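Residue strings, one per chain:
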Amino acid sequence: MLPLSNRRDNNPVPYQQMQEEGAIAKAFDIKQASHPCTCLTTSLFKLSVVVCYFVLSLVLERLYCLIITVVISAFDFWFVKNIAGRYLIGMRWWSEIQPDGRDFWVFECRLNEDHVNPVDKNFFWWSQIIATLIWLVTTVIRVISFEFFEGGITGFVFVLNAVNLIAYYNCSKEQKQRVNDYIRRRAAQHTLEAISKGSLWF
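Only a predicted model underlies this, so the values are computations on that prediction, with no experimental measurement involved.

**Q** Looking at this structure, how should I read the side chain of Thr 154?
**A** Position of Thr 154 relative to the elements: it lies in helix α5 (residues 148–196). With residues up to four places along the chain from it excluded, the contact list for Thr 154 reads Tyr 53, Trp 135, Thr 138, Thr 139 and Arg 142.

Have a look at this one:
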């Protein structure tokens, strides 16, 4: 056996790379999630749609694969909109039809997003972003290949993912605005209280 000082690693791993890999693993450590079942379910829904569209045709007729893809995508849309968003990032959204016929989006969120578990948040946002990008690219490829029927199917799946992503992004922006408004109101309230007590000197 060679002395320890003479050993060499033929493929050394840079320390920075090890740190980055460790940070990624920590960011998606399901053991640290507050709602691990919801994290896994939303990820499995996204993965199931991809597997059904790209792999299931090896054992089933293509038409059946497309039907299953659409059905699972619909379930995924409902799950993300009504369950995953509420539990993983503390947000909900829905749309209401106004008397004049306009579609009005309603956003509901916690006051402070800092109370959300970071692992839950990572699972939610990254699963939405990656799925949306996958189906966007797939739809573009189908359309430029003149496969319009399958392009319509993948476009439908893309729209379902994109609607949830855009809605929750807008909900997150509104949440940040509410936090800023709350901070300003509290600051103004404390200032007025200090003035009324004569403890603020100019």
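That covers the picture; the talk isn't over yet.
**Q** Would you take a moment to explain the packing of aromatic side chains for this structure?
**A** Both the distance between ring centres and the angle between the ring planes are used here to describe each pair of aromatic rings. Inspection of the entire model under this criterion finds 9 aromatic pairs. Considering the side-chain rings of Phe 146 and Phe 148, the 5.9 Å spacing of their centres and the 80° angle between planes classify their relative orientation as edge-to-face. Residue classification places Phe 146 among the exposed residues on the basis of a relative accessible area of 64%. Judged by relative accessible area, which is 53%, Phe 148 ranks as exposed. An aromatic cluster of three or more residues is present, and its members are Tyr 53, Phe 54 and Trp 135. Residue placement shows Arg 62 over the ring face of Tyr 53; its charged tip is 4.5 Å from the ring centre. Between the NZ or CZ atom of Lys 81 and the centre of the ring of Trp 93, over which it lies, the distance is 5.0 Å.

**Q** What should I look at first to understand the pattern of salt bridges in this one?
**A** Side-chain pairs of opposite charge can arise where the charged atoms are in close proximity. Inspection of every chain in the model, using the stated rule, returns 4 salt bridges. Residue Lys 46 is joined to Asp 76 by a salt bridge in which the shortest nitrogen-to-oxygen separation is 2.8 Å. Residue Lys 46 is located in helix α2 (residues 36–54), and its partner Asp 76 is located in helix α3 (residues 62–88); the two are separated by 30 residues in the primary sequence. Asp 76 shares its class with Lys 46; the two are buried. A salt bridge links Arg 142 to Glu 147, with the nearest nitrogen and oxygen atoms 2.7 Å apart. Glu 147 sits in the partly exposed class, given a relative accessible area of 32%. Within the structure, one salt-bridge network assembled from shared partners comprises Arg 62, Arg 142, Glu 147 and Glu 150.

**Q** It is not clear to me how the packing of α2 against helix α4 (residues 118–144) should be interpreted in this structure. Could you clarify?
**A** For any two helices packed against each other, one specifies the inter-axial angle together with the distance between the axes. It is the contact of α2 with α4, at a shortest axis distance of 9 Å, that shows an interaxial angle of 15°. By the criterion of interaxial angle, the relationship of α2 to α4 is roughly parallel. Relative to α4, α2 is oriented so that their crossing is left-handed. In this structure, α2 contributes Cys 39, Thr 42, Ser 43, Lys 46, Val 49, Val 50, Tyr 53 and Phe 54 to the contact, and α4 contributes Asp 120, Phe 123, Ser 127, Gln 128, Ala 131, Trp 135, Thr 138 and Arg 142. Looking at the contact of α2 with α4 residue by residue, the classes come out as 8 nonpolar, 5 polar and 3 charged.

**Q** Explain the packing of α2 against α3 here, please?
**A** Direction vectors running N to C along α2 and α3 enclose 160°, while the axes themselves pass 9 Å from each other. Looking at the two axes, α2 sits roughly antiparallel to α3. Viewed along their axes, α2 and α3 form a crossing whose handedness is left-handed. For the contact of α2 with α3, a count of residues per class yields 15 nonpolar, 6 polar and 3 charged.

Calculation criteria
- Residues numbered from 1 in each chain as written.
- Predicted model: local features only at pLDDT ≥ 70, side-chain atom pairs only at ≥ 80, totals over all residues.
- Heavy atoms only, no water.
- Helix = DSSP H or I, 4+ residues; strand = E, 2+ residues; numbered from the N terminus.
- Contact = heavy atoms within 4.5 Å.
- Phe/Tyr/Trp six-rings, centres within 6.5 Å; stacked < 30°, edge-to-face > 60°.
- Buried < 20%, exposed > 50% of the residue type's maximum accessible area, 1.4 Å probe, protein only.
- Lys NZ or Arg CZ within 6 Å of the ring centre and 35° of its normal.
- Salt bridge = Lys/Arg side-chain N within 4 Å of Asp/Glu carboxyl O.
- Axes fitted to C-alpha atoms, helices over the stretch in contact; angles between N-to-C directions.
- Parallel < 35°, antiparallel > 145°, perpendicular 65-115°, else oblique.
- Left-handed = near helix turned anticlockwise from the far one by under 90°.
- Nonpolar A, V, L, I, M, F, W, Y, C, P; charged D, E, K, R; others polar.

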